[in-house]
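# Working through the structure, step by step
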Amino acid sequence: MNPGHKQLIQIALVALLLVGCIAVLLPFTGTLLFAIVICVTTLPIRNRLLRICRGRSNLAALLVSILLLLLLVAPVALLSGSIADGVELAIRYLKPLMENGLPAEPPAWLARLPIVGRDASTYWHELVASREEMNNLLHQFVDPTRKLALATAALLAQGLLQLVLVIFFVFFIFRDAHLYADALHIGSRTLAGDLGERMLALVEGTVTGVMVGIVGTAAAQSVVAMIGFLIAGVPGVVILTVATFFLSMVPVVGATLIWLGAAVWLYSEGQTGWAVFMVLWGMFGISSVDNFIKPILISRTSSLPLLLIVVGVFGGVLVFGFIGLFLGPTLLALGQVLIGEWLAHADAQVPAAEEHRPR
């Protein structure tokens, strides 16, 4: 056989093998990437457990996996079940209204609402007088709300399955972490020399900083929110705290939806003072945590622009599902840092090349 033909066949076989590997791994791209991000972030915990377990990597990986199950999977399962139950409860509450109509008189708290209270009471009487208009309003409200709530529950259920798969990957990555670490260092040095080593260290620092910043800020906001809910006597504190944790990762309006909803509920129950307290606690306590804690947590790596976080969160959810809340901003921040490092390295090489250019 001609040596040239033989080489082409070898290249074709390698290309087919790579295509096959990519096709097999493609459905697990998001979960595998997120597992790697979690491994990089929790590596100090794994190393400490490894010392406690006297070098038994299987046991250390199992302990980390159990810890992640308790911290990630259990809250998502709780929140998903609560949303599904809430949808059923809302349907049971609204069904009698659709069958029997509204009470003749509006509730007292409706008239006390600032600005819109009088108009809302008037509209209530109009709805009572017109059964057809009331049914149309209820249908317009119920259908989108039910679809939104069920879509949210479905997203959380999908996230639950993704997190279980992520933790499955984490166990095996941590079990053989020394093999993967050696392969990464050898590969980076072989491909790019000292720059490859520097980029690898940069990847580790950026991933850790961004994940600690996003998750740490969300955890701090949820703790502050839980304290406020307990002080104000809001029911369902556990569910609201878990919801605050996940929604805090959505910039600008995330946690606001929870504490503002709690304030509205307090006001509807006639607890105006506690409603005002909840608003003030949300504005100056819960929401302001993001302005103080996140810059401190991420300052060791790079400052994340708000646009990068917004695009990362929503784009990550669209591409990867629930885990995109964590993975999207991390990938964009990592890309920003690596491109900046590459441009700085290329810019430093230009003067050196000009100095050696023949004159």
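Residues numbered from 1 in each chain as written. Predicted model: local features only at pLDDT ≥ 70, side-chain atom pairs only at ≥ 80, totals over all residues. Heavy atoms only, no water.

### Things to note about the overall build of the protein
Summing up its helical and strand segments, the protein has 13 helices and zero strands in all. Along its sequence from the N terminus, the protein presents helices and strands in the succession α-α-α-α-α-α-α-α-α-α-α-α-α. For the protein, the proportion of its 359 residues judged to be buried stands at 34%. Carbon and sulfur atoms make up 71% of the accessible area of the protein, which totals about 21300 Å². (Helix = DSSP H or I, 4+ residues; strand = E, 2+ residues; numbered from the N terminus. Buried < 20%, exposed > 50% of the residue type's maximum accessible area, 1.4 Å probe, protein only. Areas by Shrake-Rupley, 256 points an atom, 1.4 Å probe, with all protein chains shown as cover.)

### Observations concerning the pattern of salt bridges
According to the stated counting rule, one finds one salt bridge in the structure shown. The shortest N-O distance in the salt bridge between Asp 176 and Arg 175 comes to 3.4 Å. (Salt bridge = Lys/Arg side-chain N within 4 Å of Asp/Glu carboxyl O.)

### Points about a nonpolar patch on the surface
Taken together, the side chains of Ile 45, Leu 59, Leu 62, Leu 63, Ile 66, Leu 67, Leu 70 and Leu 71 present a nonpolar region at the surface, about 670 Å² in accessible area. For the nonpolar patch, the element with the most residues is helix H4 (residues 57-100), which contributes seven residues. With respect to the helices, strands and loops of the structure, Leu 67 is situated in helix H4. (Patch = residues over 30% accessible without salt bridge, like charges linked within 9 Å, V, L, I, M, F, W, Y side chains within 5 Å.)

### A closer look at the packing of helix H9 (residues 237-247) against helix H10 (residues 254-268)
Relative placement of two packed helices is described by the angle separating their axes and the distance separating the axes. Two elements in contact, H9 and H10, have axes separated by 7 Å at closest approach and are oriented at 155°. With respect to H10, the axis of H9 lies roughly antiparallel. Where H9 crosses over H10, the handedness of that crossing is left-handed. Side by side, H9 and H10 meet where Leu 240, Ala 243, Thr 244 and Leu 247 of the first sit next to Gly 254, Ala 255 and Ile 258 of the second. For the contact of H9 with H10, the per-class residue count stands at five nonpolar, two polar and no charged. (Axes fitted to C-alpha atoms, helices over the stretch in contact; angles between N-to-C directions. Parallel < 35°, antiparallel > 145°, perpendicular 65-115°, else oblique. Left-handed = near helix turned anticlockwise from the far one by under 90°. Contact = heavy atoms within 4.5 Å. Nonpolar A, V, L, I, M, F, W, Y, C, P; charged D, E, K, R; others polar.)

### As for the confidence of the model for the protein
Do not read the fine detail of predicted coordinates wherever pLDDT is low. Confidence along the protein averages 75 in pLDDT terms, with 69% of residues attaining 70 or more. Taken element by element, the predicted model of the protein shows its lowest mean pLDDT in helix H5 (residues 108-111) (65) and its highest in helix H3 (residues 43-52) (87). (pLDDT = per-residue confidence, 0-100.)

### What to know about the packing of aromatic side chains
A full pass over the atoms with the stated rule returns six aromatic pairs. Centre to centre, the rings of Trp 274 and Phe 277 are 5.5 Å apart; their planes meet at 90°, and the pair counts as edge-to-face. Of this pair, Trp 274 and Phe 277 both sit in helix H11 (residues 272-298), separated by three residues, roughly a single helical turn. Taking the relative accessible area as the measure of exposure, Trp 274 reaches 37% and is therefore partly exposed. A connected cluster of aromatic rings, assembled from ring pairs, spans Phe 28, Phe 168, Phe 169, Phe 171 and Phe 172. (Phe/Tyr/Trp six-rings, centres within 6.5 Å; stacked < 30°, edge-to-face > 60°.)

### Examining the environment of Met 211
The residue Met 211 is located in helix H8 (residues 177-232) in this model. Sequence separation between Met 211 and Pro 329 is 118 residues; the distance between their C-alpha atoms is 8.7 Å. Discounting residues that sit within four places of it in the chain, Met 211 has contacts with Phe 34, Val 37, Thr 41, Gly 216, Phe 326 and Thr 330.

### A short note on unusual backbone geometry
Residue Arg 54 is not a glycine yet carries a positive backbone phi of 60°. Along the polypeptide, Arg 54 turns up in the loop between H3 and H4. Here Arg 54 falls in the exposed class, since its relative accessible area comes to 78%.

### Comments concerning the environment of Leu 62
With respect to the helices and strands, the residue Leu 62 is situated in helix H4. A C-alpha to C-alpha distance of 9.7 Å links Leu 62 and Phe 168, two positions 106 residues apart in sequence.

### Considerations on the nonpolar core
If you look at the biggest cluster of nonpolar residues, it comprises 55 residues, and the most contacted ones within it are Phe 34, Val 170, Phe 229 and Met 278. The element that contributes the greatest number of residues to this core is H8, accounting for nine residues. In this structure Met 278 touches Gly 228, Phe 229, Ala 232, Val 234, Trp 259, Ala 262, Ala 263, Leu 266 and Ile 286, once residues within four positions along its chain are discounted. (Core = buried A, V, L, I, M, F, W, Y, C linked by side-chain atoms within 4.5 Å.)

### A closer look at helix H2 (residues 29-41)
With 13 residues, H2 should reach 18 Å at 1.5 Å per residue; the first-to-last C-alpha distance of 18 Å fits that figure. Listed in full, the buried residues belonging to H2 are Gly 30, Thr 31, Phe 34, Ala 35, Val 37, Ile 38, Cys 39 and Thr 41. (Expected span 1.5 Å × (residues − 1).)

### Observations regarding the side chain of Thr 42
Position of Thr 42 among the secondary structure elements: in the loop between H2 and H3. Residue classification places Thr 42 among the buried positions, given a relative accessible area of 14%. Polar side-chain contacts of Thr 42 include one of 2.7 Å to the backbone oxygen of Ile 38. (Polar contact = N/O pair within 3.5 Å; in protein donor to acceptor, adjacent residues only side chain to side chain.)

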